[in-house]
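Tertiary structure, described
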Amino acid sequence: MFWNEQVEVLSRIDMIAWQNEKLTKIMERVYEKNSLYNKRMDKLSLWPEDIRTVEDLIKLPFMDRQDLEGN
């Protein structure tokens, strides 16, 4: 599914499924392309497939400005 008029008429359940699908793809890409998140997630034994819903985002390592400026 893609973002257009069809998304506007999705049921709540379908919208959550669509969001989760997008989140899964984003997490896979972040882990693959961002070495800072990759290292932090590895330290926690956290893998992209562990983040499947918005509720799972709490598992991600917190980063502050210093973390981002240092990398």
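Residues numbered from 1 in each chain as written. Predicted model: local features only at pLDDT ≥ 70, side-chain atom pairs only at ≥ 80, totals over all residues. Heavy atoms only, no water.

Further remarks concern the packing of aromatic side chains. In this structure the tally under the stated criterion is one aromatic pair. Geometrically, the ring pair formed by Y31 and W47 is edge-to-face, given 6.5 Å between the ring centres and 85° between the ring planes. With Y31 in helix α2 (residues 12-33) and W47 in the loop between α3 (35-43) and α4 (65-69), this residue pair connects regions lying 16 residues apart in the sequence. For Y31, a relative accessible area of 18% corresponds to the buried category. (Phe/Tyr/Trp six-rings, centres within 6.5 Å; stacked < 30°, edge-to-face > 60°. Helix = DSSP H or I, 4+ residues; strand = E, 2+ residues; numbered from the N terminus. Buried < 20%, exposed > 50% of the residue type's maximum accessible area, 1.4 Å probe, protein only.)

Running from N to C, α2 and α3 cross one another at 100°; their axes reach a closest spacing of 5 Å. In terms of axis orientation, α2 runs roughly perpendicular to α3. Between α2 and α3, the residues in contact are M27, V30, Y31 and K33 and S35, Y37, N38, M41 and D42, respectively. For the contact of α2 with α3, the class distribution of residues is five nonpolar, two polar and two charged. (Axes fitted to C-alpha atoms, helices over the stretch in contact; angles between N-to-C directions. Parallel < 35°, antiparallel > 145°, perpendicular 65-115°, else oblique. Contact = heavy atoms within 4.5 Å. Nonpolar A, V, L, I, M, F, W, Y, C, P; charged D, E, K, R; others polar.)

All right, on to the confidence of the model for the protein then. Per-residue pLDDT for the protein has a mean of 86; in total, 86% of the residues score no lower than 70. Of all helices and strands in the protein, the one with the weakest mean pLDDT is helix α1 (residues 5-8) (61), whereas α2 scores best (93). (pLDDT = per-residue confidence, 0-100.)

One finds L23, M27, Y31, M41, L46, I51 and L60 forming the largest nonpolar core, which totals seven residues. Element by element, the count of residues in this core is highest for α2, at three residues. Beyond its immediate stretch of four places on either side in the chain, M27 contacts M41, P48, I51 and L60. (Core = buried A, V, L, I, M, F, W, Y, C linked by side-chain atoms within 4.5 Å.)

So, about the pattern of salt bridges. Per the counting criterion, the structure on display carries three salt bridges. Between K33 and E32 there is a salt bridge; the shortest N-O distance is 3.7 Å. Note on accessibility: K33 and E32 belong to one class, exposed. (Salt bridge = Lys/Arg side-chain N within 4 Å of Asp/Glu carboxyl O.)

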